[in-house]
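# Remarks on the overall topology
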Amino acid sequence: MTTRVRRGELVLRYVLLLAVLALTVGPFLWQLSTSLKGPTEDIYSSPPSFLPRHPTLHNYERVADTIPVWDYAFNSLKVAAANVVTNCVGSALAGYALARLRYRGRRAATLAFVLAMLVPVEGIIIAQFTTMRELGLNNTLVGVVLPGCIGAMNVLLMRNAFLNLPYEIEEAAYVDGANVWQRFLRIALPSVKGTVAVVAIFAFMGAWDDFLWPLIVLSDPSKFTLTIGLNYLHGTFANDERLVAAGTVIAVAPLIALFAGLQRYFFRGVGEGAVKG
């Protein structure tokens, strides 16, 4: 009887996992399938067909002919790369300071980062726009990068990762004469590579997928990011689902490639940066 119950629970778990997989991966597979279908194939057939009868890349060529998609992608890549660098460096430094250094007001600083996560972006976006205008950074990619160059959540992830490191390691280095920068660069930072990878993935995804802020701060079409350019594609050719699907796949592909390259560090980093009470 016990074996039957365990088998039933196992089957239930797999059914739930398959349902979640269908809800998360299914829409992307449908978009990929639609982007590969030619103009003669019916994308609204019943029952739906995931496999194109005659796969073609013509829809991707049409996207490039319709909008400067590769220029937009390059702008997004520059913004995302800058966001990754600033978040990894800034969050590591801030997280180490919050976790390891002893100074007055450390708890208040940590609380400030926690409270910053509770403020919705829409509530401060006007203040951000005004600040960028006063700095003369409107309609620049620097203005797109600056507000998100260091995320509060990333700082807390790095702080928790550093807190989980044994103090004895750094104490031994301190006895040997290592200063705080040497302990940070040679001991602490190499021990939390997984969390750095998590921060890099989150920073890249946040910058690559961001739509509202670039739409507000940018007005020159030559500086548009990919999300804004694809929105123009959707608005102009909303009836051509194949074209929209091809643009969607172009936007999602770099995220998949990034996660595939960093997944082993990502899952290790989730444990390193787990919330510590």
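Right, let's get into the overall build of the chain. Broken down by element type, the chain carries 13 helices and zero strands. The order of α-helices and β-strands along the chain, N terminus first, is α-α-α-α-α-α-α-α-α-α-α-α-α. Here the chain holds 277 residues, and the buried ones make up 36% of them. Long-range contacts, defined as pairs at least 24 residues apart, comprise 74% of the intrachain contacts of the chain with a sequence gap of at least 6. Accessible area of the chain: about 16,500 Å², with a carbon and sulfur share of 67%.

For the rest of this paragraph, the subject is the confidence of the model for the chain. Per-residue confidence for the chain gives a mean pLDDT of 84, with 91% of residues at or over 70. Per-element confidence in the chain is highest for helix α3 (residues 69-100), whose mean pLDDT is 94, and lowest for helix α12 (residues 226-236), whose mean pLDDT is 77. pLDDT under 50 marks residues 273-277. Its contacts with residues more than four places away, or in other chains, come to ten contacts.

What follows deals with the side chain of Arg183. Checked against the element boundaries, Arg183 lands in helix α9 (residues 180-191). In terms of polar contacts, Arg183 uses its side chain to reach the backbone carbonyl oxygen of Ala178, at 3.0 Å. In this view, Arg183 contacts Tyr96, Glu170, Ala173, Tyr174, Ala178 and Ala188; residues no more than four positions away in its chain are not counted.

For the rest of this paragraph, the subject is the environment of Gly143. Turning to its location among the elements, Gly143 is positioned in helix α6 (residues 141-145). As for Gly143 and Phe129, which are separated by 14 residues in sequence, their C-alpha atoms are 8.8 Å apart. Once residues within four sequence positions are removed from consideration, Gly143 is found in contact with Met132, Leu137 and Trp213.

Looking now at the environment of Arg186. Within the secondary structure layout, Arg186 lies in helix α9. Spatially, the C-alpha atom of Arg186 lies 59 Å from that of Asp42, the residues being 144 residues apart in sequence.

On to helix α10 (residues 193-209). The terminal C-alpha atoms of α10 lie 24 Å apart, and with 17 residues this matches the ideal 24 Å at 1.5 Å per residue to within 8%. Of all the residues in α10, the buried ones are Gly194, Thr195, Ala197, Val198, Val199, Ala200, Ile201, Ala203, Phe204, Ala207 and Trp208.

Here the focus is the side chain of Glu41. Note on placement: Glu41 falls in the loop between α1 (2-35) and α2 (58-66). For Glu41, the residues in contact, after removing those within four places along its chain, are Pro52, Arg53, His54 and Arg242.

Turning our attention to the nonpolar core. Val63, Phe162, Trp208, Leu218 and Leu226 are the most contacted members of the largest nonpolar core, which totals 46 residues. The element that contributes the greatest number of residues to this core is α3, accounting for ten residues.

Of note in the backbone geometry, Asn139 takes a positive phi value of approximately 65° without being a glycine. When you line up the elements, Asn139 lands in the loop between α5 (121-134) and α6. With relative accessibility at 18%, the residue Asn139 sits in the buried group.

Here we come to the packing of aromatic side chains. Evaluation of the coordinates by the stated rule reveals six aromatic pairs. Relative to Phe184, the ring of Phe162 lies with its centre 6.2 Å away and its plane at 50°, an arrangement referred to as tilted. Here Phe162, found in helix α7 (residues 152-163), pairs with Phe184, found in helix α9; they are 22 residues apart in sequence, far enough to count as distant. Phe184 shares its class with Phe162; the two are buried. Seen in terms of ring centroids, Trp181 and Phe184 are 6.4 Å apart; in terms of plane orientation they differ by 80°. Their pairing is edge-to-face. Here Trp181 and its partner Phe184 are both found in helix α9, three residues apart, which amounts to about one turn of the helix. Between Arg100 and the ring centre of Tyr167, over which it is positioned, the NZ or CZ distance is 4.1 Å.

What counts and what doesn't
- Residues numbered from 1 in each chain as written.
- Predicted model: local features only at pLDDT ≥ 70, side-chain atom pairs only at ≥ 80, totals over all residues.
- Heavy atoms only, no water.
- Helix = DSSP H or I, 4+ residues; strand = E, 2+ residues; numbered from the N terminus.
- Buried < 20%, exposed > 50% of the residue type's maximum accessible area, 1.4 Å probe, protein only.
- Contact = heavy atoms within 4.5 Å.
- Areas by Shrake-Rupley, 256 points an atom, 1.4 Å probe, with all protein chains shown as cover.
- pLDDT = per-residue confidence, 0-100.
- Polar contact = N/O pair within 3.5 Å; in protein donor to acceptor, adjacent residues only side chain to side chain.
- Expected span 1.5 Å × (residues − 1).
- Core = buried A, V, L, I, M, F, W, Y, C linked by side-chain atoms within 4.5 Å.
- Phe/Tyr/Trp six-rings, centres within 6.5 Å; stacked < 30°, edge-to-face > 60°.
- Lys NZ or Arg CZ within 6 Å of the ring centre and 35° of its normal.

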